[in-house]
There are 2 protein chains.
Amino acid sequence: MENPPMIGKNIQKIRMRNSLTLNVLSERSGVSKAMLSQIESDKVNPTVATVWKIARGLGVDLQDLLDVEAGPKRKFVINRSEMSASLDTGENGVMIKVLSPLEMAGDIEVYILQFDSKCSLPSEPHYSGTEEYLTVLKGSVKVTAGNNTTELHKGDFLAYHCDIFHTIENASASPAVVHMVVRYYQQHHQKR
Amino acid sequence: MENPPMIGKNIQKIRMRNSLTLNVLSERSGVSKAMLSQIESDKVNPTVATVWKIARGLGVDLQDLLDVEAGPKRKFVINRSEMSASLDTGENGVMIKVLSPLEMAGDIEVYILQFDSKCSLPSEPHYSGTEEYLTVLKGSVKVTAGNNTTELHKGDFLAYHCDIFHTIENASASPAVVHMVVRYYQQHHQKR
DNA sequence: GAAATTTGTTCAATATAATGAACACAGCAA
DNA sequence: TTGCTGTGTTCATTATATTGAACAAATTTC
C-alpha cells in the first residue's frame, strides 16, 4: 500500500451492491448521513472508529473497506544447487539449509536442519507472535521451550510459540533431520 | 472483530520492539510527537490517514496496526500415531497426511504428500492470497499452476500462489514424498 | 554535584471531523 | 401543474483530532 487508502469508493461500492440508502446505512451504523456522503466522495479523512462503525453497519470486516492491494504474486523455485550455502551456527554439528529465498525473509522462512549425533541448537527469542512448525524427517529430537520439554520422533509434528528462549536437541546417537517453518506474524525491519 | 480496535497498544508494542523513540517515529511518519503519545494511550480516535502514516513510519502494513490482539498462544504436538487418518483424494495413488491440528485450519496447514508412481493431485483454486510452500523430500514432481510448469527434484523448494487451478504430478516411475505448507493470508469470514 | 540532553507527557491554539437542518433534485400520484 | 416521498448534497455549528511549545522526570555529560 503506497498511498493512503481510498475508502470512499469501497464503501460506496459495498453499499450500492447491497442496495442500501444513506439513511438506512446511517441508522445501522450510527454515523450521520452527511458524514457518509462526505466520506464516500473522499471529501474528509474519517476516523478509524467511524470507519469501523460503517464496516459494522455494512456487515463486513474493517479490512474490506481499506484498500487490500493484491500485491505482486510471487513464485520462487529454489533448486538444490542454487540453495544458499549451509549456515554454521557456532554450535558444531548442526547444518542449517535455508530453503526459502531472501525475499521471503521476515515473512515466512523454511529450513532443513541436520543434526549430528549428540548436539543441540539454541535459539534466542524471536519477535513476539512468531511461531515455528517442526516436522521430524529422520531420527528424533527434544524441543525445550522455557521449562517445557517435548520429545519428537520421526514423522511427528510440533507447532509452538518461539518468543522465548528455546532449543532443539538431538540426544540420540544417530543423526536427525528436521523440517522447520518460521512464521512472523508482523514483518520486522531494520533496527535503529 | 467485535469492538473498535485498540490501535494504541499495537503501535506502542511495535515501536518498543524496534527501540524507536517518539521523536524518531514522529520524523519518519510525519505525525507530531504529541499525537503519537495520545494515540498510544488511546486518548483520541485517530484518523485513518494518520494511522496509515504511522504504519508507514514503522515499516509495517496498515492491517498490522488494526489487527486484534493475537489470540491465546498455541502449542500442538501431533504424534505420528495420533495423526489424523490419511485422506483419500478420489484420485488414487496419493496419500495425504495432515500434520497440523484442526485448530490451525484456515490459518496455516502442514501436510505430507506421498505419491505413488505415475499419479497426480489436482487442486481447486484456494482463497485469494493463499500461498503454498513445497519441499521435495523424496523423488521428483512436476507442479503446474495455470500454464506454468516447474520440475522439482529431491531437496528442491518451491513457493507459489495457489489461487488458481494447480496440480502436483509424479510422472516418474518411483514414488515421491512432498512436504507442503498452505498459508492463508486473510482469514475468510462469513458472507452476509 | 549541576547542566545538558532525552525521554514521554500535558497545555492552548488551530484545523478539521462529525452532526442536524436545510437544501436541491429527482420520480410519482393526485 | 401542485404536492409528496425519497434520493444524495451542502450549510452552520459543535465536537474533537492534530499541532507546536512548554513541561517534568529520567538519563547522560562534564
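Computed from a predicted model, the values in this text were never measured in an experiment. (Residues numbered from 1 in each chain as written. Chains lettered and ligands numbered in written order. Predicted model: local features only at pLDDT ≥ 70, side-chain atom pairs only at ≥ 80, totals over all residues. Heavy atoms only, no water.)

1. Considering empty space enclosed by the protein
The final tally for this structure, using the stated rule, is three cavities of 30 Å³ or more. Reported here for the largest cavity is a volume of approximately 50 Å³. For the largest cavity, the full set of lining residues is V48, V51, L62 and L66 of chain A together with V48, V51, L62 and L66 of chain B. The set of elements that each furnish at least two residues to the lining of the largest cavity consists of α4 (48-58) of chain A together with α4 (48-58) and α5 (62-66) of chain B. The residue makeup of the lining of the largest cavity, split by class, is eight nonpolar, no polar and no charged. (1 Å grid on protein atoms, 1.4 Å probe; cavity = no way out; pocket = protein on both sides within 12 Å on 5 of 7 lines; lining within 4 Å. Points joined across faces, edges and corners; volume = space filled by probe spheres on them. Helix = DSSP H or I, 4+ residues; strand = E, 2+ residues; numbered from the N terminus. Nonpolar A, V, L, I, M, F, W, Y, C, P; charged D, E, K, R; others polar.)

2. Quick look at the packing of helix α2 (residues 22-29) of chain B against helix α3 (residues 33-40) of chain B
Residues and elements named next belong to chain B. Their axes nearest at 9 Å, the elements α2 and α3 cross at an angle of 110 degrees. The angle between the axes of α2 and α3 places the two elements in the roughly perpendicular class. As α2 runs across α3, the sense of the crossing is right-handed. In contact with L22, N23, L25 and S26 of α2, α3 contributes K33, L36, S37 and E40. Within the contact of α2 with α3, the residues separate by chemical class into three nonpolar, three polar and two charged. (Axes fitted to C-alpha atoms, helices over the stretch in contact; angles between N-to-C directions. Parallel < 35°, antiparallel > 145°, perpendicular 65-115°, else oblique. Left-handed = near helix turned anticlockwise from the far one by under 90°. Contact = heavy atoms within 4.5 Å.)

3. Here's the deal with the protein's contact with DNA strand C
Neighbouring residues of DNA strand C: 18 residues in total, closest T47 and T50 of chain A together with R15, T21 and S37 of chain B. Expressed as a percentage, the sugar and phosphate content of the atoms of DNA strand C within 4 Å of the protein is 72%. Between DNA strand C and the protein, one listed contact pairs a phosphate oxygen with a backbone N or O atom of S32 of chain A at 3.1 Å. At 2.7 Å, a side-chain N or O of S37 of chain B approaches a phosphate oxygen of DNA strand C. The element that contributes the greatest number of residues to the surface near DNA strand C is α3 of chain B, accounting for four residues. Its residues assigned to classes, the surface near DNA strand C comprises seven nonpolar, nine polar and two charged. (Near = heavy atom within 4 Å. Polar contact = N/O pair within 3.5 Å; in protein donor to acceptor, adjacent residues only side chain to side chain.)

4. Observations concerning the protein's contact with DNA strand D
Around DNA strand D, a shell composed of 20 residues is seen, among which R15, T21 and S37 of chain A together with T47 and T50 of chain B lie nearest. Take the atoms of DNA strand D that sit within 4 Å of the protein: sugar and phosphate atoms are 74% of them. L22 of chain A places a main-chain nitrogen or oxygen 3.0 Å from a phosphate oxygen of DNA strand D. Between DNA strand D and S37 of chain A there is a distance of 2.6 Å, counted from a phosphate oxygen to a side-chain nitrogen or oxygen. It is helix α3 (residues 33-40) of chain A that contributes the most residues to the surface near DNA strand D, four residues altogether. A per-class count over the surface near DNA strand D returns seven nonpolar, eleven polar and two charged.

5. What to know about α3 of chain B
All names here are of chain B. Taken together, the buried positions of α3 are occupied by L36, I39 and E40. Around the axis of α3, the buried residues are gathered within 95 degrees of arc, so they sit on the same side. Buried residues in α3 make contact with α1 (7-17), α2 and α4. Directly after α3, the chain includes D42, whose backbone phi takes a positive value near 50 degrees. (Buried < 20%, exposed > 50% of the residue type's maximum accessible area, 1.4 Å probe, protein only. Arc of directions from axis to C-beta.)

6. Focus on the pairing of strand β5 (residues 119-123) of chain B
Residues and elements named next belong to chain B. Residue alternation in β5 divides its side chains into a buried set, C119, L121 and S123, and an unburied set, S120 and P122. Where β5 and strand β10 (residues 166-170) come together, five bridges link them in antiparallel fashion. When the sheet's bridge partners are listed, L121 is paired in β10 with I168. (Pairing = 2+ DSSP bridges.)

7. Notes on α4 of chain B
Judged by how many residues are buried, α4 of chain B sits mostly within the fold: nine of eleven residues are covered. Buried within α4 of chain B are the following residues: V48, A49, T50, V51, W52, I54, A55, G57 and L58 of chain B. Structurally, α4 of chain B contributes buried residues whose contacts are with α1 (7-17) and α4 of chain A together with α1, α2, α3 and α5 of chain B. Directly after α4 of chain B, the chain includes G59 of chain B, whose backbone phi takes a positive value near 80 degrees.

8. So, the nonpolar core
The biggest cluster of nonpolar side chains holds 38 residues, and the ones touching the most others in it are I54, L58 and L65 of chain A together with I11, I54, L58 and L65 of chain B. When near neighbours in sequence (up to four residues on either side) are disregarded, L65 of chain A contacts I7, N10, I11, I14, V51, I54, A55, L58 and V60 of chain A. (Core = buried A, V, L, I, M, F, W, Y, C linked by side-chain atoms within 4.5 Å.)

9. Some thoughts on a positive patch on the surface
A cluster of basic residues, K138 and K154 of chain A together with K138 and K154 of chain B, forms a positive patch on the protein surface. Positionally, K154 of chain B belongs in the loop between β8 (148-152) and β9 (157-161). (Patch = residues over 30% accessible without salt bridge, like charges linked within 9 Å, V, L, I, M, F, W, Y side chains within 5 Å. Areas by Shrake-Rupley, 256 points an atom, 1.4 Å probe, with all protein chains shown as cover. Salt bridge = Lys/Arg side-chain N within 4 Å of Asp/Glu carboxyl O. Lys, Arg positive; Asp, Glu negative; His and termini not counted. Charge placed at Lys NZ, Arg CZ, Asp CG, Glu CD.)

10. Let's talk about the pairing of strand β11 (residues 176-183) of chain B
All names here are of chain B. A large share of β11 lies buried, amounting to eight of its eight residues. Because side chains alternate across β11, one face comprises the buried residues A176, V178, M180 and V182, and the other comprises V177, H179, V181 and R183, equally buried. In this sheet, β11 lies alongside strand β6 (residues 131-138) in antiparallel orientation, the contact comprising seven bridges. Note on β11: the bridge partner recorded for L134 is M180.

11. Some thoughts on unusual backbone geometry
Excluding glycine, most residues fall at negative phi; most peptide bonds, likewise, are trans. A positive phi is found at D42 of chain A, a non-glycine position, where the angle reads about 50 degrees. On the secondary structure map, D42 of chain A appears in the loop between α3 and α4. D42 of chain A gets classed as partly exposed once you look at its relative accessible area, which sits at 31%. Here the phi dihedral of K118 of chain B falls at roughly 60 degrees; this positive angle occurs in a residue that is not glycine. When you line up the elements, K118 of chain B lands in the loop between β4 (108-115) and β5.

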